[in-house]
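A structural walkthrough
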Amino acid sequence: MSKTVNILGSTGSIGRQALDVVSRLGGWEVASLCAGSNAQLLEEQIRRFKPRYAALLDERAARDLRTSVADLPVKVYAGAQGVCECAGVPADISLNAIVGMAGLRPTLAALETCGRLALANKETLVAAGRLVTAKAQEKKVKILPVDSEHSAIFQCLEGAPEPRPLKRIILTASGGPFAGMTRRELEDVTAEQAMRHPNWSMGAKITVDSATMFNKGLELIEAVWLFAAEPSRIDILIHRQSVVHSMVEFIDGSVIAQLGVPDMRIPIQYALTWPRRFRSPVKQLRLEEYDSLTFEKPDDETFGAVSICRRAAARGGLSPAAVNSANEEANALFRAGKIGFLDIARLTAAAVDAVPAAEDYTLEDVEAADLLARQAVLRQIA
Ligand code: NAD
Ligand code: MG
């Protein structure tokens, strides 16, 4: 099996692991690479994987990169438009591992030309699920989830006949570093503490999202779009060991789960090679090494993020986009030490009301909602 692939966000946590997977698969061709501003790492990746196209969001970094790879036959684009140019390079598979709302236009650009979209950028589906799934359907492009929970659900559903006899989806959550803490204790936690995730090593934004539980709320909305599931049919369980990556329950009471060691290279590889499976370098799962696998109800009274996302999903329209962007802004403010941990959910919940729900929406509406939600967050702390 040998394919051409575009990796968007190649210098990040998922992007680097995706290139590791691609290099081990052997014989795959990388058509384009793009990232935010890390010219040095992108240069190394270009020298190793020899894509024909590359881009950096940061124009100055892109200029530096152009100079440093002048000896290679690679065209280097710059800016948000340049990132979309790379996303739209024809390839069998585009893997979008850009973080945040910035991934939306590249996702739509990729859907125009790729054969399959391997999607790590969950914010794309949260903010504009209707636009993205409609475009994928129109272009007959299959979306393969990279998010470990959604890869698990996808795998559990494989082979189920249509209409699916599905009763509910059970999303598992590690609970992050602060599971079990009280609101009083959460008041003083720092970004540095939030960055210490017990099971996964990930980019900064999603690590903080895991601590606030917004990651699980966003994943709930992601699942609504990927699996055409009612939000009320998606339950969440805290499972601290991150071994059971998620489950589905069928109407006959049968529950199917997907298990594995917490290593993102498993879902990344499956999104690339589906429906085939290949060897991977991940550690073998040895269940006998775990004292127990535990499951508990999440404490949403304390964290609040999941119910904010549930409300937005129920309201529909632009509400999930508003939650997504307000959270993204508040998450960044917390990481910059400008607001407290509990402010993230408080500011996000309030910002959602600043955006009209609007049943039907366009890309421009989503981008306007993005701006409104961010401004609402900033106004509250001014
Ligand atoms: P990261 O911060 O490590 O990497 C983000 C990448 O996107 C970097 O290469 C960065 O340069 C690039 N980027 C940022 N803004 C950009 C822009 N405007 N244009 C082009 N490139 C841009 O993040 P990550 O942890 O790799 O996460 C990426 C996505 O995958 C997120 O949506 C996250 O929710 C999702 N995800 C990550 C993990 C994980 O284990 N890291 C697991 C599940 C889902
Ligand atoms: Mg996940």
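Model, not experiment: these values are computed from the prediction. Chains are numbered independently. Their residues run from 1 in the order of the written sequence. Chain labels run from A onward and ligand labels from 1 onward, assigned in the order the entries are written. Side-chain atom pairs in this predicted model are given and counted only at pLDDT of 80 or more, local residue features only at pLDDT of at least 70, and totals for whole chains, interfaces and linings cover all residues. The side-chain numbers reported here are obtained from all heavy atoms of the structure, hydrogens and water having been left aside.

What to know about unusual backbone geometry
Our working rule: Under the DSSP-based scheme used, a helix requires at least four consecutive residues in state H or I and a strand at least two consecutive residues in state E, with every element numbered from the N terminus. Residue burial is assigned from relative accessible area. The probe radius is 1.4 Å, only protein chains are included, and a residue is buried under 20% of its type maximum, exposed over 50%, and partly exposed in between.
Note the cis peptide between Glu162 and Pro163, where omega equals -10°. You can see Pro163 is positioned in the loop between α7 (148-157) and β8 (166-173). The omega torsion across Trp274 and Pro275 is 5°, close enough to zero to call that bond cis. Within the element layout of this structure, Pro275 appears in the loop between α12 (265-273) and α13 (300-303). The phi angle at Ala228 is positive, at roughly 45°, despite the residue not being glycine. Mapping Ala228 onto the fold places it in the loop between α11 (214-226) and β9 (234-238). With phi around 50°, Ser242 is a residue other than glycine that occupies positive phi space. Along the chain, the position of Ser242 falls in the loop between β9 and β10 (244-250). A relative accessible area of 6% means that Ser242 is categorised as buried.

Details of the site of ligand 1
Spelled out, the test is: Throughout, near means a residue has at least one heavy atom within 4 Å of the molecule or strand. Think of a polar contact as two N or O atoms within 3.5 Å of one another; within protein, one of them needs to be a possible hydrogen donor and the other a possible acceptor, and neighboring residues in sequence only count if both atoms come from side chains. Using a 1.4 Å probe, the Shrake-Rupley method yields the accessible areas, and only the shown protein chains count as cover for residues. Amino acids outside the nonpolar list (Ala, Val, Leu, Ile, Met, Phe, Trp, Tyr, Cys, Pro) and the charged list (Asp, Glu, Lys, Arg) are all regarded as polar, and Gly is one of them. For the domain bounds, the source is a domain assignment made automatically or taken from a database.
Around ligand 1 sit 23 residues, and of these Thr11, Ser13, Gly36, Glu123 and Gly203 come closest. One of the side-chain N or O atoms of Thr11 is found 2.7 Å from an oxygen atom in ligand 1. Protein chains shield 88% of the accessible area of ligand 1, which is 820 Å² for the free molecule. Put simply, the parts of the chain that give the shell around ligand 1 at least two residues each are α1 (13-25) and α6 (122-139). When the residues that make up the shell around ligand 1 are grouped by side-chain class, the tally is twelve nonpolar, eight polar and three charged. Inspection of the shell around ligand 1 shows a minimum of three residues originating in each of domain 1 (4-145) and domain 2 (159-262 + 287-381).

Description of a positive patch on the surface
Applicable threshold: Like-charged residues within 9 Å of one another, or nonpolar side chains (Val, Leu, Ile, Met, Phe, Trp, Tyr) within 5 Å, are grouped into patches, provided each residue has over 30% relative accessible area and no salt bridge. We define a salt bridge as a contact between a side-chain nitrogen of Lys or Arg and a carboxyl oxygen of Asp or Glu at a distance within 4 Å. In this tally Asp and Glu are treated as negative and Lys and Arg as positive; neither His nor the chain ends contributes. Here the site of a charge means NZ on Lys, CZ on Arg, CG on Asp, or CD on Glu.
On the surface, Arg60, Arg63, Arg66 and Lys75 cluster together into a positively charged patch. When residues in the positive patch are grouped by element, the largest group, three residues, is from helix α3 (residues 59-68). Looking at the element boundaries, Arg60 is found in helix α3. With a relative accessible area of 60%, Arg60 lands in the exposed category.

Here's the deal with the domain arrangement of the protein
Put simply, an interface is often sized by how much accessible area is lost when its parts join up. Our working definition: A contact between two residues is defined here by any heavy atoms of the two lying within 4.5 Å. Buried area: the accessible surface (1.4 Å probe) lost by two parts on joining, summed over both.
Domain annotation of the protein identifies domain 1 (4-145) and domain 2 (159-262 + 287-381). Spacing between the C-alpha centres of domain 1 and domain 2 amounts to 25 Å. Listed as interface residues are 19 residues of domain 1 and, on the opposing side, 27 residues of domain 2. Here domain 1 meets domain 2 over a buried area of about 2000 Å², counting both sides, of which 63% is carbon and sulfur. Between domain 1 and domain 2 we count four salt bridges in total. For Arg130, the salt bridge is made with Asp360, and the minimal N-O distance between the two is 2.9 Å. At the boundary of domain 1 and domain 2, one finds seven residue pairs in polar contact (both at pLDDT 80 or more). The set of elements that each furnish at least two residues to the side of domain 1 that touches domain 2 consists of α5 (104-113), α6 and β7 (142-145). At ten residues, the largest contribution of residues to the side of domain 1 that touches domain 2 is made by α6. Residues that form the side of domain 1 that touches domain 2 fall into these classes: eleven nonpolar, four polar and four charged.

As for the sheet that holds strand β3 (residues 53-56)
Heads up, the rule is: When DSSP finds two or more bridges between two strands, those strands count as paired. Lines fitted to C-alpha atoms define the axes, with helix axes restricted to the stretch in contact, and inter-axis angles between N-to-C directions lie between 0 and 180 degrees.
Strand order in the open sheet made by the seven strands is β4-β3-β2-β1-β5-β6-β7, with parallel pairing throughout. Every other strand in the sheet has two partners, leaving β4 (75-78) and β7 as the edge strands with one partner each. Here the average twist between neighbouring strands, direction ignored, is 20°. Here β3 pairs with β4 via four bridges, running parallel. By the bridge assignment for β4, Ala55 is matched with Tyr77. α12 rests against β1 (4-8), β5 (93-96), β6 (116-119) and β7 of the sheet, and its axis sits at about 170° to β6.

Section: the environment of Gly175
Its location among the elements puts Gly175 in the loop between β8 and α8 (183-186). Gly175 gets classed as buried once you look at its relative accessible area, which sits at 4%. Counting along the chain gives 67 residues from Gly175 to Ser242, while the straight-line C-alpha distance between them is 9.5 Å. Setting aside its immediate chain neighbours within four residues, Gly175 contacts Ser210, Met213 and Ile238.

Some words on the packing of α11 against helix α14 (residues 305-315)
When two helices pack together, their arrangement is given by the angle between the helix axes and the distance between those axes. Going by this rule: With respect to orientation, any angle under 35 degrees is reported as roughly parallel, any angle over 145 as roughly antiparallel, any angle of 65 to 115 as roughly perpendicular, and every other angle as oblique. Working rule for handedness: look at the near helix, and if it is turned counterclockwise from the far one by less than a right angle, call the crossing left-handed; if clockwise, right-handed.
The N-to-C vectors of α11 and α14 enclose an angle of 25°; their axes lie 7 Å apart at closest approach. The angle between α11 and α14 places the two elements in the roughly parallel class. Crossing of α11 over α14 shows right-handed handedness. Every residue of α14 that contacts α11 at Phe214, Lys216, Gly217, Leu218, Leu220 and Ile221 is listed here: Ala305, Val306, Ile308, Cys309, Arg310 and Ala313. Grouping the amino acids of the contact of α11 with α14 by side-chain chemistry returns nine nonpolar, one polar and two charged.

A few points about the sheet that holds β8
Within a sheet, adjacent strands bond to each other through the backbone by hydrogen bonds, running parallel or antiparallel. Read from one edge of the open sheet, four strands run β9-β8-β10-β11, paired in mixed fashion. Looking at the sheet topology across the chains shown, the edges are occupied by β9 and β11 (255-259). Going from strand to strand, the sheet's axes swing by 20° on average, the running direction of each strand aside. Sheet analysis places β8 next to β9, joined by five bridges and oriented parallel. Its bridge partner lying in β9, Leu171 is registered against Ile236. Contacts between α7 and the sheet are confined to β8, β10 and β11, with β10 contributing the most and set at about 40° to the helix.

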